[in-house]
Amino acid sequence: MSRRTFLALGGTAAAGLALGGGVAYSRNKVLTAPRFSDYPFTLGVASGEPRPDKVVLWTRLAPDPLNGGGMPPNDVEVRWEMATDENFKNVVRSGTEIAAAYQAHSVHVADQGLEPSTYYWYRFKAGDEISPVGRTKTTPPYGAPLSSLKFAFASCADYQEGYFPAYRAIAEEEDLDIVFHLGDYIYEYAPDPSSTRVAKTPAPDDIWTYRDTYAEQKLDPGMQAAHAMHPWEVIPDDHEVYNNFEGEAGQSWRAGGALLAYWEHMPLRPSAAPTWEGGVPNLHLYRDIEYGDLARFVMLDTRQYRGEPPDPEAEGDTEEKDTFDPNVTNDMLGHEQEDWLYDTLDSSETRWNVIGNQIGMFDYQSGSDGNIMGWDDHGYARDRVTRFLDDRRPSNPVVITGDLHCSWVSDLKAYYPDEDSDTVGTEFVGTSITSGLGDWYEEAYRYHLGQNPHVRFFDERNGGYVRCEVTPEEWRTEMKLADSIADPESPVRTFASFVVEDGKPGAERA
Ligand code: FE
Ligand code: CA
C-alpha cells in the first residue's frame, strides 16, 4: 500500500489500527481484577531509557503469546512495584497503570521519582498473577563526576538462525550499567524448516502478525534474562519492518503497524508512543542519554528520514559535490535530526560522545562488490557528519554500530577521499547475536581490506556482542563470541580487545 492509499483510508484505517481491531474504546470497561486463561507474564519484563530520576518499566500481558496474546478485549489494570532489594522487603515506589487493549496490553511505566545511580528491582501484578522480577539502574546526576561506565551493545538476532547464548551472556555480566540494542531485534522472515529453530509464527505483514513475531522472540529465556538484568536503550533498524526498509512509519499500513508493534514491545517511554498526526503514525525515536560527565550517547534513527541514495552514474564525482549543500536529497538523518545531532554534540560537555547507529558509518571502497550498504550509499550525508567532527571537535567521538553481522574497527576520517585527512573518531561495529554474514560477503569484505587502510580490524564470525568499559582516561572494547549458536548454553568468550585513549581518535589492539 502506498503512502497515498494509506492517507486516503484516513481516520477509519488509523482508528481501526489504534483501537486494536475495532474494539469500542469508549465502552471499554477496565478490568481491575482480571482472570487469565493462562499465566499472563509469558514475555518477561524489561526496563529502558534510564535517567537520574526515572526509568521505563515494561511488560505485556499475553497468556497466549503466539496467537494474538489471548487477552479479553478490555483494558486491564496492572500494578507495579519498585524496591531496593530483590525480595521486595523495601518497596519504595508503586502504582497502577492501564494495559490498554489497543496497545496489545503492553505496559510502559515512567516518571517514578527515583534516586540517581541506584539499583532497583521491579515487578508487576495483574489479578492474582505476579511477573518475573527485573533489576534496573538509574543514571548518575547530570554532569556529576563519573569514574567508570560499563555497557554492552548488540544487534541482529535472527530467531531462526540459532539460539541466543550471547543474550544469556549479557545477562550474566552483572556489572553492566546498560545495554544498547542497535537494531534488527526481530526478523520478518517466514518459517524456514531448514533453520536451527523454526519459527512457529508466520512472516508478519500487519500489526497483529508483528505482535506475534515479537512475542515469539521474547519467549526466548536468554533474551528475557538480558532484559530482566539491565536497562536497555533500543533503536530499530530495517528488519523490524522488512529487509532494507526506509522511510517514515506513515508510508504504509505495514510499516506503521510494524513500528507500533516495536514500541509496544520495547521499554520505550510512553511519550514515544506513535502519534497519529494527519492519520499517519509518527514515531520519534532519536534521542540522547548521558552518564554524568563521562559519556553521552546519541541514538540515531537512520531509517525513517532517509532520502534516496545517489545514482553514481547521474551524480558525478563525490569530490565535486558540495557536501554542505542543504538541498542535497541523499539524506540519511533528515535535516531536523541532523541539526539536532550537531546541536547535541556541540553543547555536550561529557568526556566521551558516543553515536549509537544502525549501519556502518566508515567508508569501504570495494569496487563493484562487497558494499557494506551503510552510510557509504549516502556519502554526502556521511561526509557532513565527519566534517562536523573535524570542524567542531566534540570530545572523543565513538560510533557504535550493528547491521553487518560481523566485526569491524575503523578510523573515521574527516574526508575519506583524502586518506591523509585527520582521523576524527573511532567506529566499532559489533557482530550479530545470531544472524549470519554469508560466504560471498565474507570473501568480498576480505578481498578489499587492503584498499581501506583506515579499517583496523575485521572478523567474519557471528553470534556475539560487544562489551565496553569507559573511564576518563580510556575506552576499552571487548568483542565476544559464542562457541556455537546451535547451543543456548554455549560458552561466550572475548576474541579481540581494543583501546581508545582519551584525546586520541582511532583504536589500538589491546
Ligand atoms: Fe541484521
Ligand atoms: Ca539491518
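Here the residue index of a chain counts from 1 through its sequence in written order. Following the order in which they are written, the chains are lettered starting with A and the ligands numbered starting with 1. Reporting of local features is limited, given that this is a predicted model, to residues whose pLDDT is at least 70; pairs of side-chain atoms are given and counted only at 80 or more, and all residues count toward the totals for whole chains, interfaces and linings. Computation of side-chain values covers all heavy atoms of the structure but excludes hydrogens and water.

Enquirer: How do you make sense of the coordination of the iron ion (ligand 1) when you look at a structure like this?
Expert: For a metal bound by four donors in tetrahedral geometry, the ideal donor-metal-donor angle is 109.5 degrees, whereas six donors in octahedral geometry ideally sit at 90 or 180 degrees. Those protein atoms acting as donors to the iron ion (ligand 1) are Cys156 (SG), Asp184 (OD), Tyr187 (OH) and His405 (NE2), and they sit at 2.0 to 2.4 Å. Coordinating donors are taken as N, O and S atoms within 2.8 Å of the metal, stretched to 3.2 Å for Na, K and Ca; because water is absent from the atoms, sites can appear incomplete. Irregular is the label for any site that misses the other tests, which are tetrahedral for four donors with all angles between 85 and 135 degrees, and square planar for four donors or octahedral for six when opposite donors exceed 155 degrees and the remaining angles lie between 65 and 115. Of note is the iron ion (ligand 1), whose 4 donor atoms meet at the metal with angles of 88 to 164 degrees in an arrangement that counts as irregular. The sequence pattern describing where the donors of the iron ion (ligand 1) fall on their chain is C-x27-D-x2-Y-x217-H.

Enquirer: Which parts of the structure should I look at to understand helix H5 (residues 253–265)?
Expert: Since the α-helix turns once every 3.6 residues, residues separated by three or four places project in the same direction. Taking 1.5 Å of rise per residue, 13 residues should cover 18 Å, and H5 covers 18 Å from first to last C-alpha, within 8% of that figure. Counted residue by residue, H5 has 11 buried out of 13 residues, so it is predominantly covered. Note on exposure labels: buried denotes an accessible area under 20% of the residue type's maximum, exposed denotes more than 50%, and partly exposed covers the range between, all computed with a 1.4 Å probe on protein chains only. Going along the chain from the N terminus, every DSSP run of H or I of four or more residues is numbered as a helix, and every run of E of two or more is numbered as a strand. Residues of H5 that are buried: Ala255, Gly256, Gly257, Ala258, Leu259, Leu260, Ala261, Tyr262, Trp263, Glu264 and His265. The span one expects for a helix is its residue count, reduced by one, times 1.5 Å.

Enquirer: What's the story with empty space enclosed by the protein in this structure? I'm lost.
Expert: Gaps left between atoms show up when a probe the size of a water molecule is rolled over them. Residues are said to line a cavity or pocket when one of their atoms sits within 4 Å of a point; the points come from a 1 Å grid over protein atoms alone, cavities being sets where a 1.4 Å probe fits but cannot get out and pockets being open sets with protein on both sides within 12 Å along at least five of seven lines. Grid points are joined across faces, edges and corners, and a volume is the space filled by probe spheres set on the points. Taken as a whole and assessed by the stated rule, the structure comprises 4 cavities of 30 Å³ or more. What the largest cavity holds in volume is close to 110 Å³. Asp158, Tyr159, Gln160, Tyr187, Tyr189, Ala199, Thr201, Pro202, Pro204, Thr213, Glu216 and Gln217 are the residues that line the largest cavity. Along its surface, the second largest cavity is lined by Pro236, Asp237, Phe245, Leu259, Leu285, Asp301, Arg303 and Gln304. For the lining of the second largest cavity, the residue count by class is 4 nonpolar, 1 polar and 3 charged. Classes in brief: Ala, Val, Leu, Ile, Met, Phe, Trp, Tyr, Cys and Pro nonpolar; Asp, Glu, Lys and Arg charged; the others, Gly included, polar.

Enquirer: Where do I start with the pattern of salt bridges in this structure?
Expert: Opposite charge on two side chains permits them to pair, given that their charged atoms come into close proximity. Any Lys or Arg side-chain nitrogen located within 4 Å of an Asp or Glu carboxyl oxygen qualifies as a salt bridge. Applying the stated criterion to the full structure yields 36 salt bridges. In this structure, Arg296 engages Glu290 in a salt bridge whose closest nitrogen and oxygen atoms are separated by 3.0 Å. A salt bridge links Arg461 to Asp459, with the nearest nitrogen and oxygen atoms 3.0 Å apart. Overall, the relative accessible area of 40% leaves Arg461 in the partly exposed class.

Enquirer: Explain the nonpolar core here, please?
Expert: Generally speaking, soluble globular proteins have nonpolar side chains that are buried together. Counting 40 residues, the largest nonpolar core has Tyr167 and Ile170 as its most contacted members. Every element with two or more residues in this core is listed here: strand S9 (149–154), helix H2 (165–172), helix H3 (207–218), helix H4 (221–229), strand S11 (231–234) and H5. The contact rule is simple, with two residues in contact once any of their heavy atoms fall within 4.5 Å. Setting aside residues up to four positions removed in sequence, Tyr167 forms contacts with Ala157, His181, Gly222, Met223, Ala226, Trp232 and Ile433. We call a set of buried residues a nonpolar core when its members are Ala, Val, Leu, Ile, Met, Phe, Trp, Tyr or Cys and they connect through side-chain atoms within 4.5 Å of each other. Within the second largest apolar cluster, 32 residues are counted, among which are Tyr291, Leu481, Ala496 and Phe498.

Enquirer: Just checking my understanding: could you explain the environment of Thr136 for this structure?
Expert: Mapped onto the elements, Thr136 comes out in strand S8 (residues 134–137). Each C-alpha atom, one on Thr136 and one on Val56, is 9.5 Å from the other, the two residues being 80 residues apart in sequence.

Enquirer: Is there a simple way to explain the packing of aromatic side chains in this structure?
Expert: When we look at a pair of aromatic rings, we describe it by the centre distance and by the angle of the planes. Aromatic contacts are taken between Phe, Tyr and Trp rings whose centres are within 6.5 Å, Trp giving its six-membered ring; a plane angle under 30 degrees counts as stacked, one over 60 as edge-to-face, and the others as tilted. Applying the stated criterion across every chain, the model contains 32 aromatic pairs. Relative to Phe388, the ring of Tyr342 has its centre 4.4 Å away and its plane inclined at 20 degrees; by these criteria the two rings are stacked. Placement of the pair is Tyr342 in helix H7 (residues 335–347) and Phe388 in helix H8 (residues 379–392), with a sequence separation of 46 residues. Of the two residues, Tyr342 and Phe388, both sit in the buried class. Between Phe362 and Trp408, the aromatic rings sit 5.0 Å apart at their centres with planes inclined by 45 degrees, giving tilted as the arrangement. On the criterion of sequence distance, the pair formed by Phe362 in the loop between strand S14 (352–357) and H8 and Trp408 in strand S16 (residues 407–413) is long-range, its members being 46 residues apart.

Enquirer: So what exactly am I meant to see when it comes to the sheet that holds strand S22 (residues 504–509) here?
Expert: In any sheet, the strands associate via hydrogen bonds between backbone groups, in a parallel or an antiparallel arrangement. Between any two strands, pairing holds if DSSP finds at least two bridges. Here we have 10 strands laid out as an open sheet, ordered S5-S2-S1-S11-S10-S9-S19-S20-S21-S22, and mixed in their pairing. Each having just a single partner strand, strand S5 (106–109) and S22 make up the two edges of the open sheet. Taken pair by pair, the neighbouring strands of this sheet meet at an average axis angle of 30 degrees, ignoring direction. Between N-to-C directions, angles cover 0 to 180 degrees, with each direction set by a line fitted to C-alpha atoms, over the stretch in contact for helices. Of the strands in this sheet, strand S1 (45–48) and S11 are in contact with H4, which crosses S1 at around 45 degrees.

Enquirer: When you look at the coordination of the calcium ion (ligand 2) in this model, what are you seeing that I'm missing?
Expert: All of the protein donors around the calcium ion (ligand 2) are Asp184 (OD), Asp237 (OD), Asp238 (OD) and Asp403 (OD); their distances to the metal are 2.2 to 2.5 Å. Within one chain, the residues donating to the calcium ion (ligand 2) are spaced in sequence as D-x52-D-D-x164-D. Separating the calcium ion (ligand 2) and the iron ion (ligand 1) is a distance of 3.7 Å, and Asp184 donates to both of them. Linking Asp237 in the loop between S11 and H5 with Asp403 in the loop between strand S15 (397–401) and S16, this pair joins segments that are 166 residues apart in sequence. Residues Asp237 and Asp403 agree in their burial class; the two are buried.

Enquirer: Help me understand the packing of H7 against H8, please; the structure alone is not making it clear to me.
Expert: The packing of two helices is summarised by the inter-axis angle and the distance between the axes. For the pair H7 and H8, the least separation of the axes is 11 Å and the interaxial angle reads 25 degrees. By the angle between their directions, the pair H7 and H8 is classed as roughly parallel. At the point where H7 passes H8, the crossing takes the right-handed sense. On H8, the residues that touch Glu338, Leu341, Tyr342, Leu345 and Asp346 of H7 are Arg384, Val385, Phe388, Leu389 and Arg392. Considered class by class, the residues forming the contact of H7 with H8 number 6 nonpolar, no polar and 4 charged. When describing relative orientation, an angle under 35 degrees is termed roughly parallel and one over 145 degrees roughly antiparallel, while 65 to 115 degrees is termed roughly perpendicular and anything else oblique. For a crossing to be left-handed, the near helix must be turned anticlockwise from the far one by less than a right angle; the clockwise case is right-handed.

So far we have only geometry, and geometry alone does not tell us how the molecule works.
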